[in-house]
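So you can see what is in the structure, the chains are spelled out below.
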Amino acid sequence: MTKILIAEDNAVNRELLRELLEVRGYTVVEACDGEEALRMIEQTQPDLLLLDIGMPVLDGFAVVRKIRENPRLASLPVVAVTAYAMQGDREKILNSQFDGYLSKPVNARALAEELERLLGKREDRSAPPNQSHESQTSGKTEAAGSGK
Ligand code: MN
């Protein structure tokens with residue numbers, strides 16, 4: 001069972017992400033601020049972290065820095081989730097130890113592609129791939145050697 005930690009201070013956004021993940025069979029755990037996110041990583045050992053940038057206590061940049069500084073956590077895949085859609089912010093994020101980037105509102109297909117790319121396997125699901133709805137994937141980073 002693949003476990004995803006959602007670190008996001010907005011309850012509506014957390015619920016949206018939870019629904020997108022649970023429908024694909026992922027187990028979801030949640031944190032409401034950066035400090036809780038670090039605690040939940042230790043406690044629940046997720047396979048991947050979806051990390052909001054704008055959060056109280058510790059923001060996403062501070063959280064990912066602490067993750068990379070900790071040998072036990074350093075290899076955790078971390079995807080930034082942010083409404084900061086401007087090009088400068090995207091570059092800053094991709095240069096800040098994140099493994100991927102999703103812009104809000106999160107597109108279901110873009111989310112699925114990031115998870116498949118970073119988790120290195122496909123989830124079993126009956127829904128056929130639908131690659132025509134990618135209008136919000138401008139922040140997508142192509143995986144090296146993904147065969148695409
Ligand atoms: Mn936020």
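The model shown is predicted, which means the values in this text are computed figures rather than measured ones.

**Brief notes about the nonpolar core**
Right, so step 1: Counting residues in each nonpolar core, the largest one holds 31 residues, and the members touching the most others are Ala7, Leu50, Leu51 and Val79.
Right, so step 2: When contributions to this core are tallied by element, the ones reaching two or more residues are strand E1 (3–7), helix H1 (11–22), helix H2 (34–44), strand E3 (48–52), helix H3 (60–69), strand E4 (78–82), strand E5 (100–103) and helix H5 (108–119).
Right, so step 3: Beyond its immediate stretch of four places on either side in the chain, Leu50 contacts Ile4, Ile6, Ala7, Leu17, Val79 and Val81.

**Side note on the confidence of the model for the protein**
Right, so step 1: Chain-level pLDDT for the protein is 84 on average; 78% of the residues reach the 70-or-more range.
Right, so step 2: A low-confidence stretch, residues 122–128 stays under pLDDT 50, and its non-local contacts, those more than four residues away or across chains, total 4 contacts.
Right, so step 3: Here residues 130–148 is modelled with pLDDT under 50, and outside its nearest four sequence neighbours on either side it reaches 20 contacts, counting other chains as well.

**Description of unusual backbone geometry**
Right, so step 1: Following Lys104, the chain continues to Pro105 via a peptide bond in cis, the omega torsion being -5 degrees.
Right, so step 2: Here Pro105 is to be found in the loop between E5 and H5.
Right, so step 3: One non-glycine residue with positive phi stands out, namely Gln45, at about 50 degrees.
Right, so step 4: By the secondary structure assignment, Gln45 is in the loop between H2 and E3.

**Points about the sheet that holds E1**
Right, so step 1: Pairing is parallel across the open sheet formed by 5 strands, whose spatial order is E2-E1-E3-E4-E5. The sheet is open, and its two borders are formed by strand E2 (27–31) and E5, each paired with just one other strand. The sheet shows a mean angle of 20 degrees between the axes of neighbouring strands, taken without regard to direction.
Right, so step 2: Packed onto the sheet, H3 meets E1, E3 and E4 and runs at close to 150 degrees relative to E3.

**Some details on H1**
Right, so step 1: Along its 12 residues, H1 runs 16 Å from first to last C-alpha, staying within 8% of the 16 Å computed at 1.5 Å per residue.
Right, so step 2: All of the buried residues in H1 are Leu17, Leu20 and Leu21. Around the axis of H1, the buried residues are gathered within 95 degrees of arc, so they sit on the same side. Facing away from the buried side of H1 by over 90 degrees, the exposed positions are Ala11, Val12, Glu19 and Glu22.

**Quick look at the environment of Val28**
Right, so step 1: For Val28, the location among the structural elements is in strand E2.
Right, so step 2: Along the backbone, Val28 and Ile6 are 22 residues apart, and their C-alpha atoms lie at a distance of 7.2 Å.

Calculation rules
Residues numbered from 1 in each chain as written. Predicted model: local features only at pLDDT ≥ 70, side-chain atom pairs only at ≥ 80, totals over all residues. Core = buried A, V, L, I, M, F, W, Y, C linked by C-beta atoms within 7 Å. Buried ≥ 20, exposed ≤ 12 C-beta atoms within 10 Å, placed from the backbone. Helix = DSSP H or I, 4+ residues; strand = E, 2+ residues; numbered from the N terminus. Contact = placed C-beta atoms within 7 Å. pLDDT = per-residue confidence, 0-100. Pairing = 2+ DSSP bridges. Axes fitted to C-alpha atoms, helices over the stretch in contact; angles between N-to-C directions. Expected span 1.5 Å × (residues − 1). Arc of directions from axis to C-beta.

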